[in-house]
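Summary of structural features
Here's the letter readout for the chains.
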Amino acid sequence: MATYSAPHADDLPQERRVLTAIPGPRSQELQARRAAAVSSAVSVTLPIFIESAGGGVLLDVDGNSLIDLGSGIAVTTVGNAAPRVVAAVQEQVARFTHTCFMVTGYEGYVEVCEALNRLTPGAHEKRSALFNSGAEAVENAIKISRAHTGRDAVVVFEHGYHGRTNLTMAMTAKNMPYKQSFGPFAPEIYRVPLSYPFRDGRSGELAAAEAILKIEKEIGASNVAAIVIEPIAGEGGFIVPAEGFLPRLADFARDNGIVFVADEIQTGFCRTGAWFGCDHEGVVPDLITTAKGMAGGLPLAAVTGRAEIMNSVHAGGLGGTYGGNPVACAAALGAIATMEELDLIGAARTIESVMVPRLRALAERTGVIGEVRGRGAMIAVEIVKPGSTTPDAELTSAVAKACHAQGVVVLTAGTYGNVLRFLPPLSMPAHLLDEALTVLEEQFLALTAR
Ligand code: PLZ
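Residues numbered from 1 in each chain as written. Predicted model: local features only at pLDDT ≥ 70, side-chain atom pairs only at ≥ 80, totals over all residues. Heavy atoms only, no water.

1. Considerations on the sheet that holds strand β4 (residues 126-131)
The sheet built from seven strands is open, its strands ordered β4-β10-β9-β8-β7-β5-β6 with mixed pairing. Edge positions in the sheet fall to β4 and β6 (189-192), since each has one partner strand and no second. With direction set aside, neighbouring strand axes in the sheet form an average angle of 20°. Inspection of the sheet shows strand β5 (residues 153-157) paired to strand β7 (residues 224-229) by three bridges, in the parallel sense. Counted as the bridge partner of Ala153 is Val224 from β7. (Pairing = 2+ DSSP bridges. Helix = DSSP H or I, 4+ residues; strand = E, 2+ residues; numbered from the N terminus. Axes fitted to C-alpha atoms, helices over the stretch in contact; angles between N-to-C directions.)

2. Considering the sheet that holds strand β15 (residues 419-422)
Strand order in the open sheet made by the four strands is β11-β12-β15-β14, with antiparallel pairing throughout. Edge positions in the sheet fall to β11 (369-375) and β14 (411-413), since each has one partner strand and no second. Across the sheet, the axes of successive neighbouring strands diverge by a mean angle of 25°, strand direction being ignored. Pairing analysis gives six bridges linking β11 to strand β12 (residues 378-383), with the strands arranged antiparallel. Bridge pairing in β12 places Gly374 opposite Ile379.

3. Here's the deal with the pairing of strand β1 (residues 50-54)
Bridge count for β1 against strand β2 (residues 57-60) is four bridges, and the pairing is antiparallel. Paired with Ile50 across the bridge in β2 is Asp60. Hairpin remark: β1 followed by β2, antiparallel, with two residues in the connecting loop; positive phi at Gly55, about 65°.

4. As for the packing of helix α4 (residues 107-119) against helix α11 (residues 326-341)
The relative placement of two packed helices is expressed as an angle between their axes plus a distance between the axes. Here α4 crosses α11 at 35°, and the two axes come no closer than 9 Å. Pair α4 / α11 crosses with left-handed handedness. Judged by residue contacts, Gly108, Tyr109, Glu111, Val112, Ala115, Arg118 and Leu119 of α4 engage Cys329, Ala332, Leu333, Ile336 and Glu340 from α11. Across the contact of α4 with α11, the residue classes break down as eight nonpolar, one polar and three charged. (Left-handed = near helix turned anticlockwise from the far one by under 90°. Contact = heavy atoms within 4.5 Å. Nonpolar A, V, L, I, M, F, W, Y, C, P; charged D, E, K, R; others polar.)

5. Describing the pattern of salt bridges
All told, the structure shown has 21 salt bridges when counted by the stated rule. Here Arg421 and Glu235 are joined by a salt bridge, their closest N and O atoms 3.0 Å apart. Linking Arg421 in strand β15 with Glu235 in the loop between β7 and α9 (245-255), this pair joins segments that are 186 residues apart in sequence. Take Arg421 and Glu235: they sit in the same class, and that class is buried. With a closest N to O distance of 2.9 Å, Arg358 and Glu441 form a salt bridge. With Arg358 in helix α12 (residues 344-366) and Glu441 in helix α14 (residues 430-448), the pair connects residues that are 83 residues apart, well separated along the chain. (Salt bridge = Lys/Arg side-chain N within 4 Å of Asp/Glu carboxyl O. Buried < 20%, exposed > 50% of the residue type's maximum accessible area, 1.4 Å probe, protein only.)

6. Some thoughts on empty space enclosed by the protein
The tally for this structure, following the rule as stated, stands at three cavities of 30 Å³ or more. Roughly 60 Å³ of internal volume is contained in the largest cavity. Along its surface, the largest cavity is lined by His159, Gly160, Tyr161, Thr172, Ala173, Lys174, Tyr178, Glu235, Gly236, Gly414 and Thr415. Per-class residue counts for the lining of the largest cavity are three nonpolar, six polar and two charged. (1 Å grid on protein atoms, 1.4 Å probe; cavity = no way out; pocket = protein on both sides within 12 Å on 5 of 7 lines; lining within 4 Å. Points joined across faces, edges and corners; volume = space filled by probe spheres on them.)

7. Some points on the environment of Gln31
Looking at the element boundaries, Gln31 is found in helix α1 (residues 25-37). Residue classification places Gln31 among the partly exposed positions, given a relative accessible area of 22%. Sequence-wise, Gln31 and Ile48 are 17 residues apart; in three dimensions their C-alpha atoms are separated by 7.7 Å. Those residues in contact with Gln31, other than ones at most four positions away along the chain, are Val44, Pro47 and Phe49.

8. Examining helix α13 (residues 393-405)
One turn of the α-helix equals 3.6 residues, which is why residues spaced by three or four share an orientation. Under the 1.5 Å per step criterion, the end-to-end length of α13 is 18 Å for 13 residues, consistent within 8% with the ideal 18 Å. Of the residues making up α13, those classed as buried are Leu395, Thr396, Val399, Ala400, Ala402, Cys403 and His404. Next to the buried residues of α13 lie β3 (65-68), β12, β13 (408-409), β14, β15 and α14. Put simply, Asp392 is the residue that caps the front of α13, since its side-chain oxygen is 3.4 Å from the backbone nitrogen of Glu394. Backbone geometry just after α13 places Gly407 at a positive phi near 85°. (Expected span 1.5 Å × (residues − 1). Polar contact = N/O pair within 3.5 Å; in protein donor to acceptor, adjacent residues only side chain to side chain.)

9. A closer look at the site of the ligand
The environment of the ligand is formed by 15 residues, the closest being Gly134, Ala135, Arg164, Asp263 and Gln266. Tyr161 places a polar side-chain atom, nitrogen or oxygen, 3.3 Å from an oxygen atom of the ligand. In this structure, a nitrogen atom belonging to the ligand sits 3.4 Å away from a side-chain N or O atom of Glu235. Protein burial of the ligand: of its 510 Å² of free accessible surface, 82% is covered by the chains. Here the shell around the ligand is built from residues that sort into five nonpolar, five polar and five charged. (Near = heavy atom within 4 Å. Areas by Shrake-Rupley, 256 points an atom, 1.4 Å probe, with all protein chains shown as cover.)

Interpretation in functional terms is not warranted from these geometric data alone.
Right under this line is the structure:
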């Protein structure tokens, strides 16, 4: 197996260790306090409480060390509490914590924008603006696109996920749990079919032609401000559109004066084995939204794109009290330096090369994995009833729970709740990835044995 040295230098033992039931007694106590203090609307995948984390593990308050295949939903790409992030944050937090970039400036904000302008696809002149969350970045990408085009309509895709604010709820496809009882939703959002090769069998060209026909006939291309798409649909189930789908849509957008927005909040910053998900097909978006992996766990998000589009909004039209907070910017600079110095693009590709063959072999053995898909360290299996494409959400959650009990954190996803997704930190040591896959295989085989 290919190996790479874990970029994490702390002294957390890189091992899986299950000392108690999961959750253990200390976590159960905290869970009871949580239930008495925290809204039940904020749910939890795995009711353990974390004490420290790094490399490839999460250490809980009962002394259990779990292998992390979730990265806090694709956030701790450089590893949890990664050394350069910690050092940069500590240095910054001791100097000043906030000025509001709209009141007085600081270098970190500018430096993060310079890095974004340099690393995102395309050699054209770019500008960036910083925000706090992914949803806020998406909202701003829409504001910018509307201001630039003078148009209202926004095209999004089936299985898409863009956030939980009012506008981004409207853009998100799945009702439960994101939208149910939270309407009315923002107007002028139009959803068209995504390319979903496992379920539609269409070529990228054909799927794009159908989406474009719908845009032309049902909305009118000249009314569309933006087409917003995830290069790989994340929450929707790690759906990789068929080759050619993204480039064709980007061409259509360009030909019709529509702003092509890539939502790279989950796919960005080395996650897919490239700087950005669009890089795999050489697609150059007009705007790109980023967050998650960019700042090593601190809340930071951005919109980056063509200077003429980014600068088309009136002065003062974009902003917010905390957007581009100096501590979050310091974290981002530490995280980006880590990605470049430790070749985390290479690390993500190594993870893919280890995971995909083993998951394919597991698919052969169990007959319940309809597809193994994804890129880099963004890999998933879609679980179905044997010999069909009928989603099996029950088995999916049973496998996830069984892995949790064995000390391996996996997440589910998918419109049909039948996707197990893997998002290891790129600091994952090879031996732990190997062990996590073994646990996964064992649990799959135990649950599918007849
Ligand atoms: N766009 C592509 O993946 C966040 C959501 C978890 P925020 N995905 C995780 C949940 O259940 O809330 C996401 C994303 C894409 C936008 C967002 C939104 O980012 O930082 O959660 O607002």
